[in-house]
Amino acid sequence: MSNKITIAISGKSGCGNTSVSKIVADTLGLRLINFTFRDMAKEWGIDFEEMCELAEKDPQYDRYLDNMLIMLASKGDCVLGSRLAIWHLKNADLKAYLMSSIEVRAARIAKREKIPYETSIARTIERDRRDHARYLRQYGIDIDGYDFADCIIDTEKGDQYYVAGLIIDRAKGIISDETGR
């Protein structure tokens, strides 16, 4: 079966974008494109929070990252997992939005980053606020307006394999329709 498909996966921090995108790409044999501010910060040898502060003050950081992701994804046959993937990849064959409550997202982040829940929830609320304002200002994108996505998945209903399975099933249906099988 040919896997000629482009999938865009978005969601706020702590929804499982990275984990789910990797599982979907691996399962379908597609390229994974998932480079984030966290990756940029690591490459540049600076703290993640510092990277976020730089992006808050100067739109070049978002534009650099987003333009790179869009360019890589434009070649097709990939899974793009990013905060703005479903907005930037207008021609994606499948657009999936992952959602979860602030409490669950903060708990996941606290566990991943080994920080207290109280710290995580405060940071997550602030990050959501900053991201919303920044994307609206820079791109005119309201990240709370994702109802155009092909599938909206509540990630509290299952683990990353469950969520990825829902996207994989949907993608296989699209691949099947395009190949006539």
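Scope of this entry: the structure provided in the associated data block.

What counts and what doesn't
Residues numbered from 1 in each chain as written. Predicted model: local features only at pLDDT ≥ 70, side-chain atom pairs only at ≥ 80, totals over all residues. Heavy atoms only, no water. Salt bridge = Lys/Arg side-chain N within 4 Å of Asp/Glu carboxyl O. Helix = DSSP H or I, 4+ residues; strand = E, 2+ residues; numbered from the N terminus. Buried < 20%, exposed > 50% of the residue type's maximum accessible area, 1.4 Å probe, protein only. Pairing = 2+ DSSP bridges. Axes fitted to C-alpha atoms, helices over the stretch in contact; angles between N-to-C directions. Contact = heavy atoms within 4.5 Å. Phe/Tyr/Trp six-rings, centres within 6.5 Å; stacked < 30°, edge-to-face > 60°.

1. Notes on the pattern of salt bridges
All told, the structure shown has 10 salt bridges when counted by the stated rule. With its nearest N and O atoms 2.4 Å apart, the salt bridge here joins D62 to R134. Separated by 72 residues along the polypeptide, D62 in helix α4 (residues 60-73) and R134 in helix α7 (residues 117-139) bring together distant segments of the chain. Like D62, the residue R134 is buried in the burial classification. With its nearest N and O atoms 3.1 Å apart, the salt bridge here joins E113 to R112. Residues joined by salt bridges that share partners form a network here, namely E56, D62, R127, D131 and R134.

2. Some remarks on the sheet that holds strand β2 (residues 31-33)
The 5 strands are arranged β2-β3-β1-β4-β5 in an open sheet whose pairing can be described as parallel. The two strands at the open ends of the sheet, each matched to only one other strand, are β2 and β5 (151-154). Between one strand and the next, the sheet's axes are offset by a mean angle of 20°, whatever the strand orientation. Set on the sheet, helix α1 (residues 17-28) makes contact with β1 (6-11), β2, β3 (78-81) and β4 (94-99); between it and β1 the angle comes to about 165°.

3. Observations concerning the packing of aromatic side chains
Summed over the entire model, instances satisfying the criterion amount to 4 aromatic pairs. With 5.7 Å between their ring centres and 70° between their planes, W87 and F148 make a pair best called edge-to-face. With W87 in helix α5 (residues 85-88) and F148 in the loop between α7 and β5, this pair connects stretches of sequence that are 61 residues apart. Classification of W87 by relative accessible area gives buried; the value is 11%. Classification of F148 as partly exposed rests on a relative accessible area of 37%.

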